[in-house]
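Here is what each chain is made of, one letter per residue.
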Amino acid sequence: LILCYIADALKECLPFLQIAESDYAKLEMYSRLEDVQFLISVVHHNLGQTEERDQIAARHQETAAKRSEAEAQVMEDWVTEVWDLVAQVGAKLAAR
């Protein structure tokens with residue numbers, strides 16, 4: 001009886017996790033997306049849905065690759081220049 005209740009709860013949470021996955025993907029929040037995908041894979045695993053688990057695991061690997069690419073991107077020059085200016089202004093204000 002308790003196992004049935006747990007399985008029902010796991011099935012009930014899947015749509016919400018899938019919404020979170022979709023939202024994080026749209027926002028390109030790869031770290032959080034990986035977290036949600038991992039949790040979805042755990043839910044599928046606990047429900048005995050190995051095919052679905054393997055599909056989400058593949059998406060998790062794709063997300064990890066995207067995150068690595070995004071982290072490796074070099075900032076544009078203007079961004080560095082703006083932060084240098086902010087640091088100089090902050091230093092002048094602190095020196096007062």
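Rules of the game
Residues numbered from 1 in each chain as written. Predicted model: local features only at pLDDT ≥ 70, side-chain atom pairs only at ≥ 80, totals over all residues. Heavy atoms only, no water. Helix = DSSP H or I, 4+ residues; strand = E, 2+ residues; numbered from the N terminus. Rg over C-alpha atoms; globule rule 2.2 N^0.38 Å. Buried < 20%, exposed > 50% of the residue type's maximum accessible area, 1.4 Å probe, protein only. Contact = heavy atoms within 4.5 Å. Salt bridge = Lys/Arg side-chain N within 4 Å of Asp/Glu carboxyl O. Polar contact = N/O pair within 3.5 Å; in protein donor to acceptor, adjacent residues only side chain to side chain.

A. Examining the overall build of the chain more closely. For the chain, the count of helices and strands is 4 helices and 0 strands. Seen in sequence order, the chain has helices and strands lined up from the N terminus as α-α-α-α. Taking 12 Å as the expected radius of gyration for a compact globule of 96 residues, we find that the chain reaches 21 Å, considerably beyond that expectation. C-alpha extents for the chain along the principal axes are approximately 70 × 30 × 15 Å. Per-residue burial for the chain yields a buried fraction of 19% across its 96 residues. Of the contacts formed within the chain by residues at least 6 apart in sequence, a portion of 52% connects residues at least 24 apart.

B. Expanded view of the pattern of salt bridges. According to the stated counting rule, one finds 5 salt bridges in the structure shown. Residues aspartate 35 and arginine 32 are paired through a salt bridge, measuring 3.1 Å at the closest nitrogen-oxygen approach. With aspartate 35 and arginine 32 both in helix α2 (residues 30–46) and 3 residues apart, this pair spans about one turn of that helix. On the basis of relative accessibility, which here comes to 42%, the residue aspartate 35 falls in the partly exposed class. Among the ionic contacts, a cluster of salt bridges with common partners joins Glu34, Arg67 and Glu71.

C. Looking closely at the side chain of histidine 44. Looking at the element boundaries, histidine 44 is found in helix α2. Within the structure, the side chain of histidine 44 is placed 2.5 Å from the side chain of glutamine 49, a separation counted as a polar contact. The contacts of histidine 44, once residues within four sequence positions are left out, are Leu14, Gln49, Glu52 and Arg53.

That is the geometry; function is a separate question.
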